[in-house]
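Structure assessment
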Amino acid sequence: DQQVKQNSPSLSVQEGRISILNCDYTNSMFDYFLWYKKYPAEGPTFLISISSIKDKNEDGRFTVFLNKSAKHLSLHIVPSQPGDSAVYFCAAIPSLFSGTYKYIFGTGTRLKVLA
Amino acid sequence: EPEVTQTPSHQVTQMGQEVILRCVPISNHLYFYWYRQILGQKVEFLVSFYNNEISEKSEIFDDQFSVERPDGSNFTLKIRSTKLEDSAMYFCASKKSGELFFGEGSRLTVL
C-alpha cells in the first residue's frame, strides 16, 4: 500500500536555483508530515515538518508547503547548494489520537545539485 | 548533540544464523522504532516500541523478529533465522514527541 508517494525518483537542479520536491498521500488521517534527507550509507536526517493545521513552514533555505485538499506537500530548497545532493524522503503519520505511531515513508527522490 | 547510535555498522552472516542489531536511542526519548531499507527501495516500518512493549508492527515483522529493551538504554532487534531477503540497512529511530531521529544504520548482508 503506497500511502505516501514521491513520483519523481530523481531531480537535477543548477546550484543557486530552486529545488522543488513533491509528495502525495492518500490517507486523509495523516496530519503530521516530515521531510528527511539521506546521504549514502547514513541514516535519514530530519529536515523540516509541518502539521495539518498549517499550510507552510519555513526553516532557513527549506520551506514545506501543505495542500490538504489536494493531499500534496512539497519541499522547496532555495538557493540549492551542491551539499543538498541527497535522497529526500517525505513521511507522514496519522493523528496522534488515531492510536498508531507508524510513520509512513515515501520512496524518495534523489536530488542532484549541479555546480 | 544527542544522537541515536547503532552497532554493528555492518554484519555479514550465513542464512539461518541469528543476528542481533543494537541501538542506543536518545536518552530522554520514549518511543523506539526499527525501520529497514532494502537496497533501492523505500524505508519500511518494522516495529514501534513504547512503555516496554511493542505498540505496533508491520507484516514484515513476523515470528523471526523480536525486539527488547533489556536495560533501559539499549534497544535491540533480533532476527532468529536470517533469510537472504533480510539483507538490508536496518535503522533504529527514537522520538520524544514529533520527529523521529534515526541512527546511522546497520547493514546486514545475508549470504
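Residues numbered from 1 in each chain as written. Chains lettered and ligands numbered in written order. Predicted model: local features only at pLDDT ≥ 70, side-chain atom pairs only at ≥ 80, totals over all residues. Heavy atoms only, no water.

**Looking at the overall build of chain B**
Convention followed: Helix numbering and strand numbering both begin at the N terminus, where a helix is a DSSP run of H or I of at least 4 residues and a strand a DSSP run of E of at least 2. As a reference, a globule follows 2.2 Å times the number of residues to the power 0.38, and the radius of gyration itself is taken over C-alpha atoms. Each residue gets one of three labels from its accessible area relative to the maximum for its type: buried under 20%, exposed over 50%, partly exposed in between, using a 1.4 Å probe on protein chains only. Working rule for contacts: check all heavy atoms of both residues, and any pair within 4.5 Å makes them a contact. Every accessible area reported is derived by Shrake-Rupley at a probe size of 1.4 Å, with residue values counting cover from the shown protein chains alone.
Counting its regular elements, chain B contains zero helices and eleven strands. In chain B, the succession of helices and strands from N to C terminus is β-β-β-β-β-β-β-β-β-β-β. By the compact-globule yardstick of 13 Å for 111 residues, chain B fits well, its C-alpha radius of gyration being 13 Å. Structurally, chain B occupies a C-alpha span of about 35 × 25 × 25 Å along its principal axes. For chain B, buried positions account for 47% of its 111 residues. Contacts in chain B between residues at least 24 apart in sequence constitute 52% of all its contacts with a sequence separation of at least 6. On chain B, roughly 5,600 Å² of surface is accessible, and the fraction owed to carbon and sulfur atoms is 46%.

**Some remarks on the nonpolar core**
Where we set the bar: Side-chain atoms within 4.5 Å are what join buried Ala, Val, Leu, Ile, Met, Phe, Trp, Tyr and Cys residues into a set we call a nonpolar core.
In this structure, A:Phe33, A:Trp35, A:Leu73, A:Leu75 and A:Tyr88 are the most contacted members of the largest nonpolar core, which totals 24 residues. The set of elements that each furnish at least two residues to this core consists of β3 (19–25), β4 (30–38), β5 (45–51), β7 (62–67), β8 (72–77), β9 (86–94) and β11 (109–114) of chain A. Top element by residues in this core is β9(A). It accounts for four residues. Counting 22 residues, the second largest nonpolar core, distinct from the first, contains B:Phe32, B:Phe65, B:Phe75 and B:Cys92.

**Observations regarding the sheet that holds strand β3 (residues 19–24) of chain B**
All names here are of chain B. This is how the line gets drawn: Note on pairing: DSSP must find at least two bridges between two strands before they are called paired. For helices, the fitted line uses only the C-alpha atoms of the stretch in contact; every axis is such a line through C-alpha atoms, and the angle between N-to-C directions lies from 0 to 180 degrees.
Pairing within the open sheet is antiparallel, and its four strands lie in the order β1-β3-β8-β7. Since the sheet does not close on itself, it has two edges, and those belong to β1 (5–7) and β7 (65–68), each with one partner. Adjacent strand axes in the sheet meet at a mean angle of 20°, parallel and antiparallel pairs treated alike. Bridging between β3 and strand β8 (residues 75–79) involves five bridges; their strand directions are antiparallel. Directly across from Leu-21, in β8, lies its bridge partner Leu-77.

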